[in-house]
Amino acid sequence: MTSRFEIGDSDFLLDGAPQQIISGAMHYPRIHPGHWRDRIRKARLMGLNTIETYVAWNAHEPIRGQWDATGQNDLGLFLDLIAEEGMHAIVRPGPYVCAEWHNGGLPTWLTADPAIRLRSSDPRYIEAVTGYLEKVNEIIAPRQIDTGGSVILVQIENEYGAYGSDKAYLAELIRLTREAGITVPLTQVDQPIAHMLENGAHEGLHKTGSFGSRIHERLATLREHQSTGPLMCMEFWCGWFDHWGEKHHTTTFADSAADLDLLLSAGASVNIYMVHGGTNFALTAGANDSGRYLPLVTSYDYDAPISESGDLTEKFHAFRSVIAKHAAVPSDPLPAVVDAPTLTVPLESVGDPLPSAALDHGEFRTPPSMDELGADVVLVEYSTRIASEETTVLAADIRDLAWVSLDDRPVGTLQRTTGDLALSLPAGNHLRLLVEETGRVNYDTKIGEHKGVISAPTLNGIPLGGPWQVRSIDVPRLVHAVTNASVSDAITNAHAAGPVGLRAGFDLDAPADLFLDTAGWGKGYAWINGFFLGRYWRRGPQRTLYVPGPVTKQGRNEIVIVELETITDATARFLARPNLGHEVE
């Protein structure tokens, strides 16, 4: 059945009647497709009538010209499931999304060219964006409410007023979107700060705000800059994200519920950010840098009403009670919390798997950045010959973390986050830097910055002229390298020095969500049955990796980890509940 969704003088209008949007954000790439319907349904049970999602360009097109809208990237199926649950959808395709997602959603093949002016009317940027919007809008257009689908709003760009004020750029995005058949209202979002709201404004866009407190003040500011039409908080921040090395963020559910009540009582529409956060699977976590580089953890739990593993939290029940004061809430029974199976499985080692997943790029006079080596490169080995004496100091601009060895002996690390970018070397000749990109900045002007070794490292202040031998490591291929390798004797007294691959088999009576304990491990990557769970890091606060039930199976299952530092407990333990603690190292 088709309907009409419009912006009225004071309200959103659904077939001519006022409609208050009560929405929640969840991002389909952060949720296993086998859980999409479950998470959407739980949001409906909380009382929501709408689901909002970002579209991450680099998830759909990690390599230029190779578009993927299948599996975890099946936006069409996600929107169809929302419709099947009787809900509406808001889609925010960017092309920039922030979202604590690596590179803010922009593909690294695009940002590798420093001459392109990102998020602007630069013709080179617009050319790439045009191809992206054509493809994503082919998915959205037939799923709009006026064609019987779920989509009621589409957002142009994202918090653009905090970044730029190129009106020609916004006009071009609007033109491309309308020409692609998008007929529903178009919106913008910015924090309710005067210059941001105006920088990101365009006559073809309805202004919305992003905030999590001081409700009446923020709504008043938004009204000053949006004189007619409905007020909407497009991002009601009810939680927050976590960085490695910092404490896990939580918010008081009662305070968040009170603010939600104020929003709804004022007649404003709302999108709860996040209603369900999910997980930064594989290598998708971003980073922030407001003077200090801080990479994000694998979990995107966000202290949301629906937890990373789908549990209904105290915040869920508090929000549901608030929403029930303003709208009808389904009376369906709510699912109970179910503990995951607990298991302890000894790991076996297979030695260093990196050479089996390495691509040799040859010799360079100056170390190339990861971006010069290809799209989405995250792990690179740089090596050269030097003449080091006891008083030699190595210094390098590393993005973001380097393990340094001399004559195959580990001698220390260089770390961007801590600012430790110099290291005293012992005597030796063969220098090797294994450099990891630990998350691409997703906000502000450092989006798209190059990773790896930036300019030539120095010895006692003198640049190293090479030649440098360079190999990139295809991290997703490491799971196959470990699976197919022969067993080694790298484990001694449950300890093993990285890089080292480890694996084990374990049995389940039925598919089940799991929580993989990483507390005895250093830094690395983990897979279950070939599904890339993401990064772990002893630094904390995250101590478990969430394993979605649909990636497991009845009978035999396989775990693979690649440890880059040192593992002190060569055991895979699965816990009954997740550990997103406050402890950090």
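Above: the structure in question.
Position numbers for residues count from 1 along each chain, tracking the sequence in the order it is written. Note on the predicted model: pLDDT of at least 70 is required for a residue's local features to be given, and 80 or more for side-chain atom pairs to be given and counted; whole-chain, interface and lining totals, by contrast, use all residues. Working from all heavy atoms in the structure, the side-chain values ignore hydrogens and water.

Draft legend 1. Structural context of the overall build of the protein. Going along the chain from the N terminus, every DSSP run of H or I of four or more residues is numbered as a helix, and every run of E of two or more is numbered as a strand. Scanning the protein for helices and strands turns up twelve helices and 37 strands. For the radius of gyration, the atoms used are the C-alpha atoms, and the globule rule reads 2.2 Å times the number of residues raised to 0.38. For 585 residues, the compact-globule estimate of 2.2 N^0.38 gives 25 Å, and the protein sits close to it at 25 Å. Across its three principal directions, the C-alpha atoms of the protein cover 75 × 55 × 40 Å. Three labels apply to residues, based on accessible area from a 1.4 Å probe with only protein chains included: buried if under 20% of the type maximum, exposed if over 50%, partly exposed otherwise in between. Per-residue burial for the protein yields a buried fraction of 60% across its 585 residues. Any pair of residues with heavy atoms lying within 4.5 Å of one another is described as a contacting pair. Expressed as a percentage of contacts within the protein between residues at least 6 apart in sequence, the contacts between residues at least 24 apart total 77%.

Draft legend 2. Local environment of the nonpolar core. Counting residues in each nonpolar core, the largest one holds 85 residues, and the members touching the most others are Leu48, Leu110, Leu153, Phe236, Leu260, Leu263 and Ile272. Considering each element in turn, this core owes the most residues, nine residues, to helix H5 (residues 123–140). Setting aside anything within four residues of it in sequence, one finds Phe236 in contact with Phe211, Gly212, Ile215, Ser256, Asp259, Leu260, Leu263, Val270, Asn271, Ile272, Tyr273 and Phe319. As used here, the term nonpolar core means buried Ala, Val, Leu, Ile, Met, Phe, Trp, Tyr and Cys residues forming a set that is joined through side-chain atoms within 4.5 Å. With 26 residues, the next largest nonpolar core counts Ala526, Tyr536, Ile567 and Phe574 among its residues.

Draft legend 3. How the structure looks around the sheet that holds strand S10 (residues 232–237). In this scheme, strands are said to pair when DSSP sees at least two bridges between them. The strand order around the closed barrel built from eight strands is S4-S5-S6-S7-S8-S9-S10-S11, with neighbouring strands paired in parallel fashion. Neighbour-to-neighbour, the strand axes of the sheet open up by a mean angle of 25°, direction not taken into account. Note that strand S4 (residues 22–25) and strand S5 (residues 50–54) share three bridges and pair parallel. Residue pairing in the sheet places Ala25 in a bridge with Glu52 of S5. The convention used is that axes are lines fitted to C-alpha atoms, helices contributing only their stretch in contact, and that angles between N-to-C directions extend from 0 to 180 degrees.

Draft legend 4. Structural context of the packing of helix H9 (residues 253–265) against helix H10 (residues 314–324). At a minimum axis distance of 9 Å, the contact between H9 and H10 shows a crossing angle of 25°. In terms of their interaxial angle, H9 and H10 are classed as roughly parallel. Pair H9 / H10 crosses with right-handed handedness. In contact with Phe253, Ser256, Ala257, Leu260, Asp261 and Leu264 of H9, H10 contributes Glu314, Lys315, Ala318, Phe319, Val322 and Ile323. In the contact of H9 with H10, the residues fall into eight nonpolar, one polar and three charged. Any angle that falls under 35 degrees is termed roughly parallel, while one over 145 is termed roughly antiparallel, one within 65 to 115 roughly perpendicular, and all others oblique. Handedness of a crossing is defined here by the sense of rotation of the near helix relative to the far one, left-handed for an anticlockwise turn of less than a right angle and right-handed for a clockwise turn. The nonpolar class holds Ala, Val, Leu, Ile, Met, Phe, Trp, Tyr, Cys and Pro. Asp, Glu, Lys and Arg form the charged class, and all remaining residues, Gly among them, are polar.

Draft legend 5. Looking closely at helix H3 (residues 75–84). Within the sequence span of H3, burial applies to Leu75, Gly76, Phe78, Leu79, Leu81 and Ile82. Once H3 finishes, Gly86 follows within two positions and takes phi at roughly 75°, a positive value.

Draft legend 6. Spotlight on the pairing of S4. Across the two faces of S4 the burial is the same, with Ile22 and Gly24 and Ser23 and Ala25 all buried. Sheet topology places S4 next to strand S11 (residues 269–273); three bridges connect them, and they run parallel. Residue pairing for S11: Ser23 is matched across the bridge by Asn271. What joins S4 to S5 is helix H1 (residues 36–45), and the crossover it makes is right-handed. For the handedness criterion, the strands are oriented away from the viewer, and a crossover whose path from the first strand over the helix to the second runs clockwise is classed as right-handed.

Draft legend 7. Fine view of the pairing of strand S22 (residues 422–425). Taking every second residue as pointing to the same face, the buried face of S22 carries Leu423 and Leu425, while none of Ala422 and Ser424 on the other face is buried. Across four bridges, strand S18 (residues 392–395) lies against S22 in antiparallel orientation. When the bridges of S22 are listed, Leu394 appears paired with Leu423.

Draft legend 8. Region of the structure containing the pattern of salt bridges. One side-chain nitrogen of Lys or Arg within 4 Å of one carboxyl oxygen of Asp or Glu is enough to make a salt bridge. Per the counting criterion, the structure on display carries 35 salt bridges. One network of salt bridges, in which partners are shared, links Asp289, Asp400, Arg416, Lys446, Glu449 and Lys451.

Draft legend 9. Molecular detail of the side chain of Ser472. Relative to the helices and strands, Ser472 resides in strand S28 (residues 468–473). Polar contacts here mean pairs of N or O atoms no more than 3.5 Å apart (in protein, one a potential hydrogen donor and the other a potential acceptor; neighbouring residues in sequence count only if both atoms are side-chain atoms). At a separation of 2.7 Å, a polar atom in the side chain of Ser472 contacts the side chain of His361. When residues no more than four places from it in sequence are discounted, the contact partners of Ser472 are Ala357, Ala358, Leu359, His361, Val377, Leu379 and Val380.

Draft legend 10. Examining the packing of H1 against H3 more closely. Running from N to C, H1 and H3 point in directions that differ by 40°, and their axes come no closer than 10 Å. Between H1 and H3, the crossing angle belongs to the class labelled oblique. Crossing handedness for the pair H1 and H3: right-handed. Counted together, Trp36, Arg37 and Ile40 of H1 and Leu77, Phe78, Leu81, Ile82 and Glu84 of H3 form the full contact between these two elements. Its residues assigned to classes, the contact of H1 with H3 shows six nonpolar, no polar and two charged.

Draft legend 11. How the structure looks around the packing of aromatic side chains. Two rings belonging to Phe, Tyr or Trp (six-membered ring only in the last case) form a pair when the distance between their centres is within 6.5 Å. Interplanar angles under 30 degrees mark stacking, angles over 60 mark edge-to-face geometry, and anything in between is tilted. Scanning the model with the defined rule gives 25 aromatic pairs in all. Judged by centre distance (5.4 Å) and plane angle (75°), the ring pair of Trp36 and Phe78 falls under edge-to-face. Of the two residues, Trp36 is situated in helix H1 and Phe78 in helix H3; the sequence distance between them amounts to 42 residues. Phe78 matches Trp36 in its accessibility class, with the two residues each being buried. Measuring from centroid to centroid gives 6.1 Å for Tyr525 and Phe532, while their planes differ by 85°, and the two rings are edge-to-face. Residue Tyr525 is classed as buried on the basis of its relative accessible area, which comes to 0%. By relative accessible area, which is 10% here, Phe532 ends up buried. Here, a charge over a ring is recorded when the distance from Lys NZ or Arg CZ to the ring centre is within 6 Å and its angle to the ring normal is within 35 degrees. The ring of Tyr300 has Arg30 lying over it, and the distance from NZ or CZ to the ring centre is 3.7 Å. The residue whose ring lies beneath Arg119 is Tyr163, and the NZ or CZ to ring-centre distance is 4.2 Å.

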